[in-house]
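Now for the letters of each chain:
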Amino acid sequence: MTIFLLIAGIISLVVSFFCFKHRSYLKDSIFAVKSTSTSTIAELQKLQTDIARELEHSGSFREIVELKGVIRSNNPLTSDLSKRLCVYYQSIVKEKYEKTEYTTDSEGNRQRNTSQGTKVINNNQTQINFRLEDETGTIVINPKDAEMEAIQVVNRFEPVNSGKSSFSIAGLNISLSGSFSNDYRTLGYNYEEYVLPIDIPIYVLGELSDADNQLIVRKPFDPKKHFIISHKSEEELIRDHESNLKTTTFFAIFCLVGGIILLVASVF
């Protein structure tokens with residue numbers, strides 16, 4: 001019993017640590033969004049031109065910016081599952097299974113335990129550079145390594161007896177025949193897909209740079225700075241993060257207090 005309390009206490013403290021860490025991330029993210037003023041593309045283009053003229057060369061401009069506009073692309077991607085035209089998508093396929101395990105108690109009695117679980121069998125994430133357009137102009141966005149908030153367009157479950165034996169994703173042919181044995185049985189597959197379609201309004205917080213002789217918004221050089229691309233508005237983004245902050249703070253304190261109580265209880 002003492003060992004159980006000790007282990008449970010340590011786990012609670014570890015969970016609390018990661019909750020506090022995520023809480024710090026959320027606070028920084030909220031501050032970054034609130035403290036950065038929205039710029040128009042024309043304003044930023046003029047600012048870069050003025051700085052380049054003053055320095056007599058380009059390539060030194062670097063600024064954290066907040067932009068709002070519409071996604072544009074002449075050569076968009078086609079997502080794996082929904083076949084939507086987009087500039088970013090993540091397609092996930094999970095196998096749902098049933099597993100039987102056997103344990104033997106201290107008296108030598110064999111017990112049969114059946115449980116269900118899921119595992120990811122494919123996770124394909126793809127993005128391309130695109131143009132952000134506002135009422136004053138367009139600018140290139142490189143979404144690599146962004147904190148992406150895309151739209152979920154697929155979320156469905158198909159049992160293995162649905163008649164579908166395979167499907168292709170990211171150039172790979174994946175068998176859906178499932179696995180069957182006395183101890184393991186595939187129940188079906190869950191499909192999820194998240195996309196940033198073309199021609200929708202988005203919010204972008206990132207670093208604007210002319211290092212490649214082209215104005216482009218990308219992941220900031222400073223790893224502490226945020227790079228956010230979201231289909232949500234600035235107001236929705238702040239509201240969601242503030243709600244998550246409250247929940248995370250509650251769990252962080254709850255696990256911290258619970259962990260301390262469990263550790264103290266394991267000593268006595």
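Residues numbered from 1 in each chain as written. Predicted model: local features only at pLDDT ≥ 70, side-chain atom pairs only at ≥ 80, totals over all residues. Heavy atoms only, no water.

A.B. asks: Help me understand the packing of aromatic side chains in this model?
C.D. replies: Where two aromatic rings form a pair, the distance of their centres and the angle of their planes describe that pair. For the structure on display, the rule yields four aromatic pairs. Plain terms: the ring middles of Tyr97 and Tyr184 are 5.2 Å apart, the flat faces sit at 20° to each other, and that makes the pair stacked. Taken together, the residues Tyr97 in strand β3 (residues 85-104) and Tyr184 in strand β11 (residues 184-197) connect sequence positions 87 residues apart. With relative accessibility at 15%, the residue Tyr97 sits in the buried group. Judged by centre distance (5.5 Å) and plane angle (75°), the rings of Phe250 and Phe251 are edge-to-face. Residue class for Phe251 comes out partly exposed when judged on its relative accessible area of 40%. Three or more aromatic residues joined by ring pairs form one cluster here, namely Phe250, Phe251 and Phe254. When the ring centre of Phe221 is taken as origin, the NZ or CZ atom of Arg62, which lies over that ring, is 5.0 Å away. Geometry around Tyr191 places Arg156 over its ring, the cationic atom sitting 4.8 Å from the centre. (Phe/Tyr/Trp six-rings, centres within 6.5 Å; stacked < 30°, edge-to-face > 60°. Helix = DSSP H or I, 4+ residues; strand = E, 2+ residues; numbered from the N terminus. Buried < 20%, exposed > 50% of the residue type's maximum accessible area, 1.4 Å probe, protein only. Lys NZ or Arg CZ within 6 Å of the ring centre and 35° of its normal.)

A.B. asks: What am I meant to see in unusual backbone geometry here?
C.D. replies: Excluding glycine, a negative phi dihedral is what most residues carry, and trans is how most peptide bonds are arranged. The backbone phi angle of Lys83 is positive, close to 60°, even though this residue is not glycine. When you line up the elements, Lys83 lands in the loop between β2 (77-78) and β3. In this model, Asp199 sits at a positive phi of 70°, which is unusual for a non-glycine residue. Tracing the chain through its elements places Asp199 in the loop between β11 and β12 (201-209). Taking relative accessible area as the criterion, Asp199 reaches 45% and is therefore assigned partly exposed.

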